[in-house]
Amino acid sequence: MKVLLDENLSWRMIKKLALYFSEVVHASELKIIQPADDISIWNYAKKNGFTIISKDDDFEKIVLLRKAPPNLIYLKTYNLNTNKLTELIIKNKDKIVEFDNSKENDIFEIYSN
């Protein structure tokens, strides 16, 4: 599964997440005008088969208007630090993959405790 981390997440997450997903990129790495806006990130993910991971509620609105693909992993986690966010994604990895493979829903929400 290929995941694209939105700009509101740290690029430092890539190294750990790369152990669990086939490809992990950060929005700042994309060959699009930087800083990348949400629609450019969305279009890139759609064109290249990525699932977006974000804390940005704007992506939720885009999904509701435009539908998937790409799918959205929406982190509703308040102010967790990068390590805690990474751990939360890894903890939910099996559910994330199942969601992405099911094609039944467009958004998978992950909450912190």
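Presented here is a report on the structure given in the accompanying data block. (Residues numbered from 1 in each chain as written. Predicted model: local features only at pLDDT ≥ 70, side-chain atom pairs only at ≥ 80, totals over all residues. Heavy atoms only, no water.)

1. A closer look at helix H4 (residues 82-91)
Listing the buried residues of H4 in full gives Leu85, Thr86, Leu88 and Ile89. The arc that holds the buried residues of H4, viewed along the axis, is 160°, so those residues lie on one side. Looking at the buried positions of H4, the neighbouring elements they touch are helix H1 (14-17), strand E3 (51-54), strand E4 (72-76), helix H5 (93-102) and strand E5 (107-111). One side-chain oxygen of the residue at the start of H4 lies 3.1 Å from the amide nitrogen of Asn83, identifying that residue as Asn81. (Buried < 20%, exposed > 50% of the residue type's maximum accessible area, 1.4 Å probe, protein only. Helix = DSSP H or I, 4+ residues; strand = E, 2+ residues; numbered from the N terminus. Arc of directions from axis to C-beta. Contact = heavy atoms within 4.5 Å. Polar contact = N/O pair within 3.5 Å; in protein donor to acceptor, adjacent residues only side chain to side chain.)

2. Looking at the nonpolar core
If you look at the biggest cluster of nonpolar residues, it comprises 18 residues, and the most contacted ones within it are Leu5, Ile53, Ile73, Leu75 and Ile89. Those elements that place two or more of their residues in this core are strand E1 (2-5), H1, E4, H4, H5 and E5. With 3 residues, the top contributor of residues to this core is H4. Among residues more than four places away in sequence, those in contact with Ile73 are Thr51, Ile52, Ile53, Ser54, Ile96, Phe99, Phe108 and Ile110. Counting residues in hydrophobic clusters, the runner-up holds 16 residues, among them Trp42, Ala45, Tyr74 and Ile107. (Core = buried A, V, L, I, M, F, W, Y, C linked by side-chain atoms within 4.5 Å.)

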